[in-house]
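Below, each chain spelled out in residue letters.
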Amino acid sequence: GTFNVTAKLTDGAGNSSANSSNFSVTVDTTAPGAPSLALATDSGSSGSDKITNNGTVNVGGLEAGATWQYSIDDGTNWTTGSGTSFTLAGDGAKSVIVRQTDGAGNVSPASAPFGFTLDTTGPSETISSTIVTDSGQTPTIGFAGVTRDNTLGLSGTVDDDLASVDVYYNGGTLLGHATVDSGTWSFTTAPLADGNYSFAIEATDAAGNMTYTSAVPATVDTTASAPSLALATDSGSS
């Protein structure tokens, strides 16, 4: 608690001094509680899975005037923090603890380990054709030419089973969502009108990182016009 102390002096002849002015002192022998830790942003499709592309960790429960430290090696080494947050770098699993020291020098116990996964790298993906064949005069692979099949099939691979895949065409119109299963995805379009198309894929991992493929072209042509016939020369009187 806080105490106000005064003193007076009495000499050998019995003369007493006036009282001193008050001296205020605060005695604190109790360690503060352990601070708390939380992600500044739990990015991605889930806000509670602790998979994020933002390595900033917020520190709560700090006493006024206290200093604090955090450790990423279970207390072997401590780093002094400032403010109410710190930021970790480097993709991968993280485990961090924190402690605080109050103004009287009492050190709190360390917090329970706070674990999360930092992922700042977008998923790696490929796009290919599984249904469409190039039915033109000079067959090529995939979407490189013209097809009379107006129901186009797309498939590909992605290196993150937790990723989601969206299919776009012609500069950003969303066709639909593809499901990832064991690292592969597939999508089949509804019948498309004749014309030129450009397809792109957007893969988003659990941390919210996005990867885009370059555009893949296709031309759908399901109709043929009948030729016309005429004599080169209609000779004679008529």
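Residues numbered from 1 in each chain as written. Predicted model: local features only at pLDDT ≥ 70, side-chain atom pairs only at ≥ 80, totals over all residues. Heavy atoms only, no water.

A look at the pairing of strand β6 (residues 67-71)
Line of reasoning, step 1. The pairing of β6 with strand β9 (residues 92-101) spans 5 bridges and is antiparallel. Within β9, the position partnered with S71 by the bridge is I97. (Pairing = 2+ DSSP bridges. Helix = DSSP H or I, 4+ residues; strand = E, 2+ residues; numbered from the N terminus.)

Looking at the sheet that holds strand β7 (residues 79-80)
Line of reasoning, step 1. Here we have 5 strands laid out as an open sheet, ordered β4-β10-β9-β6-β7, and mixed in their pairing. The open sheet is flanked by β4 (51-52) and β7, the only strands paired with a single partner.

A short note on a nonpolar patch on the surface
Line of reasoning, step 1. A grouping of F3, V5, F23, V25 and V27 is seen on the molecular surface, where their side chains present a nonpolar patch of about 440 Å² in accessible area.
Line of reasoning, step 2. For the nonpolar patch, the elements supplying multiple residues, two or more each, are β1 (2-5) and β2 (23-26).
Line of reasoning, step 3. Within the element layout of this structure, F3 appears in strand β1. (Patch = residues over 30% accessible without salt bridge, like charges linked within 9 Å, V, L, I, M, F, W, Y side chains within 5 Å. Areas by Shrake-Rupley, 256 points an atom, 1.4 Å probe, with all protein chains shown as cover. Salt bridge = Lys/Arg side-chain N within 4 Å of Asp/Glu carboxyl O.)

With respect to the packing of aromatic side chains
In this description, an aromatic ring pair is defined by two values, namely the gap between the centres and the angle between the planes.
Line of reasoning, step 1. In total, this model carries 6 aromatic pairs according to the counting rule given.
Line of reasoning, step 2. With centroids separated by 6.1 Å and ring planes inclined at 45 degrees, the aromatic side chains of W68 and F86 adopt a geometry described as tilted. In this pair, W68 is assigned in strand β6 and F86 in strand β8 (residues 85-87), connecting sequence segments 18 residues apart. As far as burial versus exposure is concerned, W68 and F86 are alike and both buried.
Line of reasoning, step 3. Note on F114 and F116: the rings are 6.0 Å apart at their centroids and 40 degrees apart in plane angle, and the pair reads as tilted. For the residue pair F114 and F116, the accessibility class agrees, reading buried in each case.
Line of reasoning, step 4. Members of the aromatic cluster, each reached through a chain of ring pairs, are W68, Y70 and F86.
Line of reasoning, step 5. Just above the ring of W78 sits the side chain of R99; from NZ or CZ to the centre is 3.9 Å. (Phe/Tyr/Trp six-rings, centres within 6.5 Å; stacked < 30°, edge-to-face > 60°. Buried < 20%, exposed > 50% of the residue type's maximum accessible area, 1.4 Å probe, protein only. Lys NZ or Arg CZ within 6 Å of the ring centre and 35° of its normal.)

Some details on the pairing of strand β10 (residues 114-118)
Line of reasoning, step 1. Burial along β10 is one-sided: F114, F116 and L118 are buried, and none of G115 and T117, which face the opposite way, are.
Line of reasoning, step 2. Across 2 bridges, β4 lies against β10 in parallel orientation. By the bridge assignment for β10, T52 is matched with L118.
Line of reasoning, step 3. The pairing of β9 with β10 spans 5 bridges and is classified as antiparallel. Looking at the pairing, G92 lines up with L118 of β10.

Describing the sheet that holds β8
Line of reasoning, step 1. With antiparallel pairing, 3 strands are arranged side by side in an open sheet as β3-β5-β8. Each edge of the sheet is formed by a strand with only one pairing partner; in this case those strands are β3 (36-39) and β8. Neighbour to neighbour, the strand axes of the sheet diverge by 25 degrees on average, direction disregarded.
Line of reasoning, step 2. Relative to β8, strand β5 (residues 56-60) runs antiparallel, the two sharing 3 bridges. (Axes fitted to C-alpha atoms, helices over the stretch in contact; angles between N-to-C directions.)

Worth remembering: the numbers are spatial, not functional.
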